[in-house]
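Summary of the model geometry
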Amino acid sequence: PSQKVNRFLEMQASAGAKCALFTQLKVMQALFPESYNFFPKTWNFPEDRESFRRESNEDTFYLLKPSKGTQGKGIRLAARDAVEDKYEKMCR
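Heads up: these notes are all about the structure in this document.

**Considerations on the nonpolar core**
- Trp43, Phe45, Phe52, Tyr62, Leu64, Ala78, Val83 and Tyr87 together form the largest nonpolar core, which totals eight residues.
- When contributions to this core are tallied by element, the ones reaching two or more residues are strand E1 (61-64) and helix H4 (83-90).

So, in structure tokens, the structure goes:
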């Protein structure tokens, strides 16, 4: 069957976009850490820049995703040392 609906419009502001969904998951994880341990550590730039610097691993690669509206375009893979530089370039 063909696709009829690809978005729930009322949910876009609270959970439909990656950043909003992450924010909601982070709140729920703080309230119920045992139940909300199913998603990887995530940072929202630029708000979580300091947290990323403290908590990220030196020898790990990270996925960088544009905030919204790119439909999968612009996703980048970066080593920890290059994350902030690549993020800045994505936002120009």
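Having seen the model, we can carry on.
**Some remarks on unusual backbone geometry**
- Across the junction of Phe45 and Pro46, the peptide omega takes the value 5°, indicating a cis bond.
- By secondary structure assignment, the location of Pro46 is in the loop between helix H2 (18-31) and helix H3 (49-55).

**Topic: the pairing of E1**
- Here E1 shows a clear split, with Tyr62 and Leu64 buried on one side and none of Phe61 and Leu63 buried on the other.
- Of the pairings in the sheet, the one linking E1 to strand E2 (residues 76-79) comprises four bridges and is antiparallel in character. Considered in E2, the bridge of Leu64 is made with Arg76.

**Some remarks on the side chain of Arg49**
- Turning to its location among the elements, Arg49 is positioned in helix H3.
- Given a relative accessible area of 17%, Arg49 falls into the buried group.
- Among the polar contacts listed, one links the side chain of Arg49 to the side chain of Glu84, at a separation of 3.1 Å.
- Among residues more than four places away in sequence, those in contact with Arg49 are Glu84, Tyr87 and Glu88.

Rules used throughout
- Residues numbered from 1 in each chain as written.
- Predicted model: local features only at pLDDT ≥ 70, side-chain atom pairs only at ≥ 80, totals over all residues.
- Heavy atoms only, no water.
- Core = buried A, V, L, I, M, F, W, Y, C linked by side-chain atoms within 4.5 Å.
- Buried < 20%, exposed > 50% of the residue type's maximum accessible area, 1.4 Å probe, protein only.
- Helix = DSSP H or I, 4+ residues; strand = E, 2+ residues; numbered from the N terminus.
- Pairing = 2+ DSSP bridges.
- Polar contact = N/O pair within 3.5 Å; in protein donor to acceptor, adjacent residues only side chain to side chain.
- Contact = heavy atoms within 4.5 Å.

This is a description of form; function is not addressed.
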